[in-house]
Amino acid sequence: MKGEKKEMSTKVPTESSKKKRKRDLLQDDESNTQEEISLFSTVNKDDEKETDNVAASSEENDSNADSDNSDNDEDSDGDESSSQDEEYFEESSEEDSDDSGLDEGTSQEFGNSEENGSNSASGKTDEYEYDSSDEEDVRNTIGNIPVQWYDDYPHIGYDVQGRKLIKPVQGDALDEFLEKADDPDYWRTVKNKLTGQKVRLSEEDVKQINRIQSSTHPMGSEGLYEPWVDTFTSEVMEMPVTGRPPDKRSFIPSLWEKQRVGQMVHALKMGWMKPRGEIRKMKQNRDLNEPSLDMWKEDNEPEITKRYRMHIPAPKEPLPGHMESFNPPEEYLLDEEEEAKWDSQEPEDRRFDFKPQKFESYRSVPKYSRFINERFSRLLDLYLASRQRKMKMNVNPEDLIPKRPDKKDLQPYPTKEAMVYKGHTDMVRTISPDPSGQWLVSGSDDQTVKLWEVATGRCMKTLDMGGKVTAVLWNPNRTVNLIAAVVGSEVILINPGLGDRLLCSNTDSMLESHTETADDSAKKSAVTWSKYDITEKDSGFRVKISHSKPVIQVTWHAKGDYFACVQQDGKSQAVLIHQLSRRQSQAPFSKPKGIVQRVMFHPVHPYFFVATQQHIKVYNLVKQELHKKLQANCKYISSLDVHHGGDNILIGSYDSRLCWFDLDLSTKPYQTLKYHKKAVRQVAYHTQYPLFASASDDGSIIVSHGKVFSDQLLNPLIVTVKVLRGHKTTNHLSVLDCKFHPFQPWVFSSGADSTIRLYV
Amino acid sequence: MIMAEPMASMEHQQHLQITFFTKQAQYSIPDAPYSLPSSFGSQELNGIVHSVLYEGATKDAVDFDFLIDGEFLRTSLETHLEDKNISAENVIEVEYVERAAAPRPETSLAHDDWVSCVRGSNDLILCGCYDNTLRLWTRDEKCLTTIPGHTGPVKCLAWLKHEESDESPCMFVSGSHDQTLFVWRYQRSSNNIDCVFACKGHAGSVDCVAVNQDGERIVTGSWDKMIKLWSTVESEVGNQDPEDEEESRIKKKLKSSGQKVSLRVPLVTLAGHKEAVSSATWISSSSICTSSWDHTLRVWDMTTSQPTAVCEGSKAFFSIAQSPLSNLIVSASADRHVRLHDLRTKEMKGTYTSHTAWVSSVDWSKNNEHLFISGSHDMVTKLWDVRSSKAPLYNLVGQEDKVLAVDWSIPDLLLSGGADNQLKIFNYKQTVN
């Protein structure tokens, strides 16, 4: 029986019988079938699938029906074939009852399920004819693009011929609702997005979906419980293969893992990497209408990265022109003259490195003899030429020079000789203006001290000193009217009797008030203080301090009570500090440390500047210690002045240099000025204006602008502004002293030509 | 149109269209344009005006000066137009005025020492000297008297009251290095001089003094940076501390050799200048202007004793003077320039540069708003016209040393005193305006 059936089965399945079978299977639901039929007429692939499914489900139905039949088609055992036989039998039996009005296409669809049968039966069909496994659905040719793009159009795509596929009529929401209410199969009706048509899922489809949803095998329970072949045993052997103890590294956390995790954490933090959830969210949020590839999008690479991309493409070879043609126009061909010229030229000088030639045909063009050379040089160019962008600094050298302020901005400063104070008969060694600016005192080699009215040049008084006057200095204290004048080894304090009467009388009474005590005279051995008697007082002389050695300099403290003297060859007593109020003198330095040239009091702090030949030492008078030692880069210091702020000092030297020290900066000169041609005799700061002046043997007084900033960060600004001349040179000496007016931007100078000059 | 006779060499030169006009009606000429070579200077223009005005008669011809846009023509027309940037295309209107006659040196009055200050009044000339004396001269070279009294060089003086009759004798005031101010009365008929009172209070040399219109207020400036106001009216200074007065009177007695001198203290002291006060002048009945070495001009209201304006300069001022007509101020500085200031706008209106040294003193003409004089240490006194900034009208040479003081109080006399102990008097003939 079985054998028969098998035979039958090999014979019987004709196309019509299959159709019957299909009919039969779908009989239970007539409407559905009809719809599918209508689908079949227009659609291929979808239906194929469906019918496949249907076929499969039908088989399954059958196999379910007779429960023991769980075999596949591949199994060609007798048991299985029996069931098939039954099927076929049924089908054939139904053949009559069913109306076989189906077209061929429909019936062909079922060929899939039973290829063998159909092959054997029809004989002409190709094995792959119906294989649609990797065929595209060609009903709609729009491809795999979002169908939403067609939402606004009446059509839904294009068929193979390029005709528009019109969307099937869609009911409105009411229709939908009615349908929902009326149609009992509404719940399993889905819509085909590509075609816009509704498809009712078959019973089998629903089951399959249910199975998928419940995470069971989608094809049912068939073949799920095959016996397990334990090829590699899971049992643990009691004896390990090796007796090696486990490594330590297997117990400690992996370094590489840690590193990798660190990298990932960093990437997350920086936003280079995103957690999975976020990526999903991004995908959801992405605009579906946005084209996935926008080739016209602007190149958003920032300018800066473009600039840093150092790539320079190699230049392209020029395209050949008409001249290179095998058949160039006549005008490109060389005539004899040109050819001779071309031949005579050096290869480098030629405008083109070949001769245009004419050939009859392309075939007759010979091999290009320089081909290898040209390729080679081209390759050399590509490989060896360094195509590299080099950053080049474009600096104008003039910009590197610091800007000098305009001289006009630095005004006022003395520019012109305004007054000559005439009266002395020998060289005027020293001058000093009165702190009020009304008077000027001068000491000369004609053994006189003269007092001048600044504004008119009137000599108000002349004092006979009985010796060459080497230094005069007005007391800086404005409440005391006193001049210290140096004659040889004596320092004489003079009350000039000019200016405020009250001041003069106060000064006198102050000097008178001192009463000499016994111990005073005992102490002083180096110097002798003595008073002048009444007769001499009219001349203004008040106190005389006699030293043992010639005095070369006298300088007042800012308060006007102390003054210091420098003795020539004084050894340990080279520097003496006298106190006026107590008529006391002291020699602060026990040991001579070089030949002292100049001394100076600090204007504010208790410091004392001592200039030896090559150094300036700053002593703290309170602590009695060396505070600082400055190195003047010159051979022989001649003069010294301290800025009224106290942080800058200026020295002049006999080797014609001028050094500006900024005590805050260094012990070396902040600036060395070498604008004098001969020895510098005197340097002076202005007390109010940012000016300083230097007098030199070359007959000039050079006025410079020297601004000291209160801001610690700014270094002094030094600009030379004016060279003043006027003094005549006599005996290699010219200008001997220069001093600034206390509050006007004027400078006084005294010279070897026995004049004093004022420059305003 | 009248063509000037062209010379052969001037054929190629540029010619300018010029019209002449004048504000002095007696010299007016027809208003016709002239085509003149651009190389013409005032000399040639003068010749043209003469030829039109006097038709060749040169006998008592008046010389003229020419102004283009209010500036004196001192060079050729060409360079002047270039300098002033005036277009040569248009017709140039040239004003001509009668040329101020050259001041004539009249006489020289010899002193014993430097003349530091000088003031004239009617026919009297008062000088202050460095030998601590004042000298009173008449304008015909007669020394009326020499007044000792100061113990320091006399630096400044001013007339309080001009002589009217014997009943009201003239009065003047003098300030000195000795920090005092003396007010003197001079009886001409008896040639008697007496000191009315002395003013003490300054702590520095009294450098300037100014008296207001009615002679009741004296303002002084000193090297001690202060400005002090004094009164000459007896009743106003009654509330003095008698003891103090007594004490100082005794002092004074000793000084002025037995002469009884009453002492006055200042009504008001004004502080504000940072340096010495160099000059002061009354600019109205109630306000003064002072100049100082601290580079400022300050205006003070004397009724409230408050400063009202500060005018910053760039150089120290040594002397200022105000024109009674134009109310402009000229100032003298150490840098050779004389500067013209307008106090109302507080700006400098002009710089007059010709001196070669320190300018010590300036004074305005009392009846010509354009003229002022300046004395300088270059030994020259210069007569300036405000409209000519590059060159003065005349240089008054004669002084043999620094000029320390100039004065133009007497309209027809220019006075200058200097370090050569001479007081020079120049006669200046006023032009008809």
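Residues numbered from 1 in each chain as written. Chains lettered and ligands numbered in written order. Predicted model: local features only at pLDDT ≥ 70, side-chain atom pairs only at ≥ 80, totals over all residues.

Caption draft 1: Region of interest: the overall build of chain A. The secondary structure content of chain A amounts to 18 helices and 33 strands. Evaluated residue by residue, chain A yields a buried proportion of 29% over its 760 residues. In chain A, the proportion of contacts linking residues at least 24 apart, taken out of those at least 6 apart, comes to 50%. (Helix = DSSP H or I, 4+ residues; strand = E, 2+ residues; numbered from the N terminus. Buried ≥ 20, exposed ≤ 12 C-beta atoms within 10 Å, placed from the backbone. Contact = placed C-beta atoms within 7 Å.)

Caption draft 2: Main features of the overall build of chain B. Counting its regular elements, chain B contains 3 helices and 35 strands. Counting only contacts in chain B whose residues sit at least 6 apart along the sequence, the fraction spanning at least 24 positions is 51%.

Caption draft 3: Up close: helix 1 (residues 42-53) of chain B. All names here are of chain B. Its 12 residues give helix 1 an end-to-end C-alpha distance of 16 Å, which sits within 8% of 16 Å, the value for a rise of 1.5 Å per residue. Where helix 1 is concerned, the buried positions are Ser42, Leu45 and Val49. Projected onto a plane normal to the axis of helix 1, the buried residues spread over an arc of 60° and lie on a single side. Contact partners of the buried residues in helix 1: strand 2 (15-21), strand 4 (64-68) and strand 6 (92-98). Just downstream of helix 1 lies Glu55, where phi reads positive at about 50°. (Expected span 1.5 Å × (residues − 1). Arc of directions from axis to C-beta.)

Caption draft 4: Layout of the UniProt feature "repeat: WD" (unreviewed entry) in chain B. Here the UniProt feature "repeat: WD" (unreviewed entry) sits at residues 199-231, 270-310 and 352-394 of chain B. Structurally, residues 199-231 of chain B comprises 0% helix and 61% strand, and the distance from its first C-alpha atom to its last is 10 Å. (UniProt positions renumbered as here; feature names shortened; annotations may be inferred.)

Caption draft 5: Geometry of the interface of chain A and chain B. Tallying the contact residues gives 15 residues for chain A and 17 residues for chain B. Residue classes in the side of chain A that touches chain B are distributed as 6 nonpolar, 6 polar and 3 charged. (Nonpolar A, V, L, I, M, F, W, Y, C, P; charged D, E, K, R; others polar.)

Caption draft 6: Local environment of the sheet that holds strand 30 (residues 371-376) of chain B. Residues and elements named next belong to chain B. Reading across the sheet, the 4 strands line up as 29-30-31-32 and stay open at both edges, with antiparallel pairing between neighbours. At either margin of the open sheet sits one strand with a lone partner, and together these are strand 29 (359-364) and strand 32 (394-397). Averaged over all pairs of adjacent strands, the angle between strand axes in this sheet comes to 20°, irrespective of strand direction. In terms of strand pairing, strand 29 meets strand 30 through 5 bridges, oriented antiparallel. Within strand 30, the residue paired with Val359 across the bridge is Ser376. (Pairing = 2+ DSSP bridges. Axes fitted to C-alpha atoms, helices over the stretch in contact; angles between N-to-C directions.)

Caption draft 7: The arrangement of the nonpolar core in detail. Core analysis: the biggest nonpolar cluster contains 197 residues, and Ala485, Phe609, Ile651 and Ala693 of chain A together with Leu157, Val173 and Val209 of chain B have the highest contact counts within it. Ignoring sequence-local partners within four residues, the contact set of Ile651 of chain A consists of Ala611, Ile616, Ala632, Ile637, Ser639, Leu640, Cys659 and Val683 of chain A. One finds Leu36, Phe64, Phe66 and Tyr96 of chain B within the second-largest nonpolar core, a separate group that totals 16 residues. (Core = buried A, V, L, I, M, F, W, Y, C linked by C-beta atoms within 7 Å.)

Caption draft 8: Seen up close, the environment of Asp113 of chain B. Residues and elements named next belong to chain B. Checked against the element boundaries, Asp113 lands in the loop between strand 7 (104-110) and strand 8 (115-121). For Asp113, a count of 15 C-beta atoms within 10 Å translates into the label partly exposed. When the C-alpha atoms of Asp113 and Thr133 are compared, they prove to be 9.3 Å apart, with 20 residues separating the residues in sequence. Leaving out residues up to four positions away in the same chain, Asp113 has contacts with Cys129, Tyr130, Asp131 and Asn421.

Caption draft 9: Representation of the confidence of the model for chain B within the structure. All names here are of chain B. Per-residue confidence for chain B gives a mean pLDDT of 83, with 89% of residues at or over 70. Confidence drops under pLDDT 50 across residues 1-11; counting only partners more than four residues distant or on other chains, this segment forms 11 contacts. Segment residues 239-247 is flagged for pLDDT under 50; beyond a separation of four residues in sequence, or across chains, it makes 3 contacts in the model. For this predicted complex, the interface confidence reaches an ipTM of 0.84, while the overall pTM sits at 0.65. (pLDDT = per-residue confidence, 0-100.)

Caption draft 10: Just the pairing of strand 11 (residues 143-147) of chain B, in detail. Residue and element names in this part refer to chain B. Examined bridge by bridge, strand 10 (residues 134-138) and strand 11 share 4 bridges and lie antiparallel to one another. Directly across from Leu134, in strand 11, lies its bridge partner Ile147. From the end of strand 10 to the start of strand 11, which pair antiparallel, there are 4 residues, and Glu141 there has a positive phi angle of about 65°.

Caption draft 11: Broad picture of the sheet that holds strand 33 (residues 756-759) of chain A. Residues and elements named next belong to chain A. Strand order in the open sheet made by the 4 strands is 5-33-32-31, with antiparallel pairing throughout. Looking at the sheet topology across the chains shown, the edges are occupied by strand 5 (417-421) and strand 31 (735-740). Neighbour-to-neighbour, the strand axes of this sheet turn through a mean angle of 20°, independent of strand direction.

Caption draft 12: Molecular detail of the environment of Asp647 of chain A. Structurally, Asp647 of chain A is set in the loop between strand 23 (637-642) and strand 24 (648-653). Sequence separation between Asp647 of chain A and His602 of chain A is 45 residues; the distance between their C-alpha atoms is 9.0 Å.

Caption draft 13: Layout of unusual backbone geometry. A cis amide bond, omega 5°, links Gln411 of chain A with the succeeding residue Pro412 of chain A. Mapping Pro412 of chain A onto the fold places it in the loop between helix 15 (397-400) and strand 5. Phi at Gln624 of chain A is positive, roughly 55°, even though this residue is not glycine. Positionally, Gln624 of chain A belongs in the loop between strand 21 (615-620) and strand 22 (625-631). The backbone of Arg336 of chain B sits at a positive phi, close to 80°, despite the residue not being glycine. You can see Arg336 of chain B is positioned in the loop between strand 26 (329-333) and strand 27 (337-342).

Caption draft 14: Summary view of the pairing of strand 32 of chain B. Residue and element names in this part refer to chain B. Here strand 32 shows a buried face lined by Tyr394 and Leu396 and an unburied face lined by Asn395 and Val397. Two elements, strand 31 (residues 380-385) and strand 32, share 4 bridges in a ladder whose sense is antiparallel. If you follow Val380 over to strand 32, its bridge partner there is Val397.

Caption draft 15: Seen up close, the environment of Pro366 of chain A. Examined against the element boundaries, Pro366 of chain A turns out to sit in the loop between helix 13 (336-344) and helix 14 (371-384). The sequence separation of Pro366 of chain A and Phe326 of chain A amounts to 40 residues, and the corresponding C-alpha distance is 10.0 Å.

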